[in-house]
Each structure stands twice: as C-alpha cells, then as structure tokens.
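A closer look at the structure
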Amino acid sequence: MASWGWTALVVLVACHGATLGVRVDEELKLPHLEHRALLDQDGAYVMQWTPREKDVVFEVQVATRGYVGLGFSPSGGMRGADIILGWICDKGHVFLYDLHGEGNWHPVLDDSQDLKVLGGYQNDTHTVLRFSRPWNTCDDLHDFHITSDTTRVIWAYGREDPPDIGRVAMHGHRGTKSLYLQEPRFLLPDFGDDVSVWNLHAINVSLPDDSDSLYWCKLFRVPPLRRKTHVIGYEPVIEARNLEHVHHILIYECHLEDASRHYEKWLRVKGSQCYTPNMPLSWLHCTVPVVAWAVGSEGEMWPDHVGYSLGEEHGGTDYFMMEIHYDNPKLKKGVVDGSGIRLYHTEKLRQYDSGVITLGHTVFPTHIIPPGQHWKTIGHCFSECTRERVPEGGLKVFQGMLHAHLLGRDITLRHIRNGRELPVTLKDKFYDFNYQQSRVLKDEMTILKGDSFIVECGYDSTKTTVPTFGGLNTREEMCLVFLFYYPKAAFDKCKSSPEPVNLLRTLGVNEIFENRKLLDVNEKINVDEEKERKDAVKMVEGLTSLHGPLKMFHLYRAIIAKEPTAVRNISLYDILHSNATWQNETLLKSLQQQVIYGPHEMSCHSIPHSEKYVPEVYSYPEFLAIQPVKPECAVVEGRKEQAERPGPDSEAYTVEPETFRTQTHHQKPHGKSKFRRDLEFCVTIYIYYIYLNK
C-alpha cells in the first residue's frame, strides 16, 4: 500500500522516461493465472485472477487502446463501488489508480492507493494490465472488502487514453458480472480408463425473441450400468456461440414410485418450458439437485473419498431432469442451443456414497414477502429432526448451495449445537440469482444428532407493488440451502414454514369458511397417467407451445374469510393484494416478527416421501448466537494493514444471547391442522385444474 502522494510522484517520473510496468508489445513474463472469466457478451473484456492468502492478483485483457476500468460493487452500480482505472501511454508506461464511486458520474480518487502494479502491455488491438490488491485493504471508507460472498464485478472501457485521471471521458462500454473470487481452482484430472462420460444436452432449444428469459427442462435416464457406479465430477459443455445466453444449469433427481412407468415416455421429448401449465406434473417430483452450474464456473470434482451413486437399485435414481436458464436480453432472433453438462463416472468406487439435504423454508405460498420492504424470511431444521435422521457418527458436508430467486439479497446458514451457535460456514451477503454455484467447503462441516439449523434469507422488494409468494416460478420466491454430504442417509429434507393460523390472525382473519369438499378428501391425488401419455405423444410431434408461469399463490382465491365481520366473504387473495394491508405499519411489524420468531411447522423426511408423515410445530430455539470479531487493521510503517487474528474456532469469536424469546416448544399430536390440510389440497386442486384445462 502507498499514499496517493507517493503514487503521483512515481507516475510523474514514469511519464518522463522511468520504467513503470512493461513496454508496449512486450508480453508479461509472469505466472499463468488460475481463473478466467469473460465479463462482456462480445468477448472484448477478459478478466483473469489468482486468489492468494492475503491478496488477489488480477489481469484484464481488453479490446481497446484506451483506458480500462474494473471495480467491485455491493449492488452492481457505481455508487459505493471500489474502482480501479488504468491505461498505457504511448511510451509504454502503466498508469493505475484506486478510486471509488459516489454515483453515476466521474469516480473519485482514494486518499489511500491500495494497488500494486505487476505489469502491462499494449498491442494494436488490446490493453493488458496486471496488478494485485489485498482482500481487505483496511480502507473501510472507500474500498470493498472482498470475501467468499458473491462479488459483483463491474467493468468499463473507453477508446482513448485520458490526459490525466481528472479528465476521463464517459465510457461507452460497461457492464457487471457476479463471481466467486475466493473459490479454489478447478482442475480436471487426467482420468484413467476406468472413468466414463455421460453427456446430458439440450436438443435444439429455440430461444424466444419476445422474452428475455427462458427456463427449459428435459428428462434423462442413466446409461446402462454393469454394476454400482459413482459420479465423481462434471464440467459444463456450452456452445461457444451461446456463451452469452446460458446462465445456469441444474440437474435434479426424479422420484416417483414405479418411476419408469411415469418417466420413460418423456425420454423422447426434446423438453418443455419449466414450471408452467405446460410442464408435466410428474416432472414436479424432480426436486433434489445433484449438479449446480452457473456462469463463471469451469466445473466441479467430488472429493477423492466421495461419489454420487447412480441407479435406483444402488440408492440413487434412474431418472434426472436438466433445467437450463437462458438469457436473451437483446431479444436476438434465431438463437438455437444444444448446451449441457458432462458427467464423469466410474465403477472404481469411492469410500462413501454422497447425499443431498435440503434445508430452509417450505416451498409454498405461506412464504409471503410484502411489497416495498427489506424483508427477512427464515426456515428451521429443528433438533428433533436430526436426532431422528442423522446416524451415529454424524454426517460430513463437503459443499453447499444457497438458493433464492429474484428478490434474494443475502442468505446465511446458522448451525446450532447444545445451545450454542457454531461458526458460519455458508453465507452470502451479496447473493445474485443469476450466479448460482455450489460452494466447496475448505473444511468439512459435521452434522451430529440433535444439531439444528436456521436458514435466514434477506429480500429486497422495494421495487415491487404487490406481494411475492413462495413457489416454483422464478418470480415467486424460495429460501433454501442444499448440503452435499456423506455417508448417504435417510435424510433428504428438513424445512419449515410459519404456522398458517398465526399468519391468518396477523392478517386480520380469525376464521375462514370451511370447504366441505376439501374435508371429504383424505388421500393424495395421483398423476393422471393417461393424460400424460397423450401429452407426451403431442410433445414428441411438436404440438405444444410456450406458456406463462404457473402461479401457486392463486390458491388463496379459494380461501374465504368468515370472521371478523370487516373481512367477511373476502378472499385471502384480495386481502393480500390490497394496498391497505401493506400500508399498515403495525401489521407489517407483527408479520415480520411472526415469520422470524413465531412457531413453525417443520417437515422432516426422506425421499420417497412417507405418506404417514405428520408435521409438528416448534418455537424459535434458545441459543447463544456467535458474534464474529471484525478484522482489525494495524499501522505498520505508516501504512494500514490487516492484523493477524485467530481463526473462527478461537476465543476471538464471542457469543451473545438472543434477545427474543417465544413460548415453550409444543407439538400437535394428532396430525395436520385443518387449515394446513385445506391449503395443501387447494394447491393440488389448482395445479390439476390448470393441467386438465390447458
């Protein structure tokens, strides 16, 4: 680090012939960097980087002979951003400045210049700059502390060099991309003859030119297996012409009893738009992710002692659904894609089978996010579930994935044991829906019997005018954490949602009219196999079209208030979509308290789901919350540097008690509440109504 005065002197000397950086057209004689990302859609801006213990090395390669800008922003915009600006003058000298953004105008020079120039060159087409900066520069006023959270990297460039840092022309090219900058390097091993490849690809998917987003799903069956086989890793296979369009790819397990009867007929179908009335209901049982790839990732390898087992007879599944999110912001015409995922598998088995646990808020319309708010949602996995499902010796988590939708801004997984919170291993304070990727844990996390979890999700709905509800569609919301663990156990889901009766009362509804038809139904409706068979034939023949999203919250139209008189005969849908509801500050505060600290119904089960499962109601647990110590900065030889501090397992981490307490834990011993049964059946009826009348 250096003060601005010292840097200015060096640049001044450089202009008069001293060496700063590398001469024009001389390539950098520096080590190859580990990571590479294309920041723009046209291939003009490439960023490479290598994470080190205390700092990170960057190199930018930009198709311009003018200035280059790179920054780190909490929101993706200029305001509050940490900005680096540089160029190479005609004599071949590198100019590099540390600035900050105060709005959508010229950035301001930092008092502390926290960059180290490593080199640079320029040729007929490109400007290349290499530099390093600490993860934490200790400039809390103007610099961005880069952590394991999602980092929104902003970029810009101009066609000409500025005469000086105070006269930089407005950039004509700019953008933003989310990346994990601290993740370890992905290395594809040199596989032996024992490793085989299974390619899962989209088949000529045509992107609509009247919509900027498309979710496309297709089903696959495992290849023929001679014996038990482990998946040990994957890499994306993205068509080069469509790099700008493929945002993320997820591979889900599909689980239904007698799965081949339900899924075999869909293998000839090229796919369907996901989560719409046109999507087959049997596909909604494909919910457990085994692969999560997003832009910026080169792939993933499982640890050497862990493998994912293929095939139902070996504890896995025979059928998978691939979901691809396409982005077409420029509404380009004629875009056709065949991208996918390449899975590597082997008969040379690893020591352990892996599994996936889903934690968080139940995906259901009882997940309510009011409009115009900074809102918090939580999902519990209470100790009663892990005490029942986790085997003796515990489970080891080797990676995790955090998941919300468009309103999601931050996600944290809190882990509690014996009344004390453990150090946080999975969190993201700057979550970005368009950058979903698994996090490889540096140290495996242990889950023991009796542990509990709280998934906390923060949302920004300040730009919405109507409430947002939990659901499958992108514009509905989720609050989930997927934990990839070993050894595989009968433990797949542990989620919760606020007790419905408390939500009703908070919204001013004390009683609803009973629906006698609903009360007469006591078993789950099965998938209409004949209807799906006919639909499969139509889809093979290409007789289907794209549809709008399936919105689960419409079930609230069937729930009619009875008491009090002020809301009698008004549907819950109308109450939730009334401006008067969300203009009531007292109601908003009460609802937020109920969502966070009120009693929750927990679901704890394995796949396939038990028909005898009965949810129970629990209160917010009492525990000592961990309070991580903020990194301190020390003055060393006139410069501020981050001081060495103990790790998260040391006494440097303090705890403080939770300030809010609720009533004592209670259970419902005789099954689901009537209201909950009605809600669940309402959503089933609604989905079938859409399905049968499309």
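The structure reproduced in this document is the subject of the present report. Values in this document were obtained by computation on a predicted structure and should not be read as measured data. (Residues numbered from 1 in each chain as written. Predicted model: local features only at pLDDT ≥ 70, side-chain atom pairs only at ≥ 80, totals over all residues. Heavy atoms only, no water.)

**Focus on the pairing of strand β16 (residues 213–221)**
Heads up, the rule is: Exposure categories follow from relative accessible area, calculated using a 1.4 Å probe and restricted to protein chains: below 20% of the type maximum is buried, above 50% is exposed, and the middle band is partly exposed. Each helix corresponds to a stretch of at least 4 residues labelled H or I by DSSP, and each strand to a stretch of at least 2 residues labelled E; elements are numbered beginning at the N terminus. A pair of strands is treated as paired once DSSP finds two or more bridges between them.
Of all 9 residues in β16, 7 are buried, a share of seventy percent or more. Summarising the sheet, β16 and strand β23 (residues 319–327) pair through 9 bridges and their orientation is antiparallel. Looking at β23, one finds that Cys217 is bridged to Glu323. With 2 bridges connecting them, β16 and strand β19 (residues 272–273) associate as antiparallel partners. Looking at the pairing, Trp216 lines up with Gln273 of β19.

**Details of the environment of Tyr618**
As for its position among the elements, Tyr618 is in strand β42 (residues 616–618). Looking at Tyr618, the relative accessible area reads 2%, which means it is buried. Separated by 19 residues in sequence, Tyr618 and Pro599 have C-alpha atoms that sit 5.4 Å apart.

**Considerations on the packing of aromatic side chains**
We apply this condition: In this scheme Phe, Tyr and Trp rings, the latter by its six-membered ring, pair at centre separations within 6.5 Å, and the angle between planes marks the pair as stacked below 30 degrees, edge-to-face above 60, and tilted otherwise. Any Lys NZ or Arg CZ found within 6 Å of a ring centre and within 35 degrees of that ring's normal is scored as a charge over the ring.
Enumeration according to the criterion identifies 22 aromatic pairs in this entry. Relative to Tyr486, the ring of Phe398 lies with its centre 6.4 Å away and its plane at 35°, an arrangement referred to as tilted. Placement of Phe398 in strand β30 (residues 395–404) and of Tyr486 in strand β37 (residues 479–486) is noted, with a sequence separation of 88 residues between them. Given the relative accessible area of 3%, Phe398 is considered buried. Residue classification places Tyr486 among the buried residues on the basis of a relative accessible area of 7%. Connected via pairs of aromatic rings, a cluster forms that spans Phe469, Phe553, Tyr556 and Tyr573. Residue placement shows Lys218 over the ring face of Phe220; its charged tip is 5.1 Å from the ring centre. The ring centre of Tyr180 lies 3.7 Å from the NZ or CZ of Arg439, which sits over that ring.

**What to know about the sheet that holds strand β6 (residues 82–88)**
On the basis of which strands lie adjacent, the open sheet formed by 6 strands has the order β8-β7-β6-β5-β12-β13 and antiparallel pairing. Looking along the sheet, the strands with just one partner apiece sit at the ends: β8 (108–109) and β13 (173–179). Two strands pair when backbone bridges link them, and strand β5 (residues 68–73) and β6 are joined in this way by 5 bridges, in the antiparallel orientation. Of the residues in β6, the one forming a bridge with Gly71 is Ile83.

**Some thoughts on the sheet that holds β19**
The sheet built from 5 strands is open, its strands ordered β19-β16-β23-β18-β20 with antiparallel pairing. The open sheet has two edge strands with one neighbour each: β19 and β20 (286–294). The pairing of strand β18 (residues 246–254) with β23 spans 7 bridges and is classified as antiparallel. Looking at the pairing, Leu250 lines up with Glu323 of β23.

**Some thoughts on the pattern of salt bridges**
Just so we agree on the cut-off: For this document, the term salt bridge refers to a Lys or Arg side-chain nitrogen within 4 Å of an Asp or Glu carboxyl oxygen.
Tallied over the full model, the rule gives 24 salt bridges. We note a salt bridge from Glu347 to Arg226, for which the minimum N-O separation is 2.9 Å. A residue pair is termed long-range when its members are at least 10 positions apart, and Glu347 in the loop between β25 (340–346) and β26 (352–353) and Arg226 in the loop between β16 and β17 (230–237) qualify at 121 residues. Residue Asp535 pairs with Lys531 through a salt bridge whose shortest N-O separation is 3.3 Å. On the criterion of helical spacing, the pair formed by Asp535 and Lys531 is a turn pair, its members being 4 residues apart in helix α6 (residues 529–540). If you follow the salt bridges from partner to partner, you end up with Lys376, Arg414, Glu421 and Glu456 in one network.

**Quick word on the nonpolar core**
Which entries qualify depends on this criterion: The criterion is simple. A nonpolar core is a set of buried Ala, Val, Leu, Ile, Met, Phe, Trp, Tyr and Cys residues joined through side-chain atoms within 4.5 Å.
Counting residues in each nonpolar core, the largest one holds 118 residues, and the members touching the most others are Tyr263, Met321, Leu483 and Tyr556. Looking at this core element by element, the count peaks at 8 residues for β37. Ranked by size, the runner-up nonpolar core spans 30 residues in total, among them Leu96, Leu129, Phe131 and Phe144.

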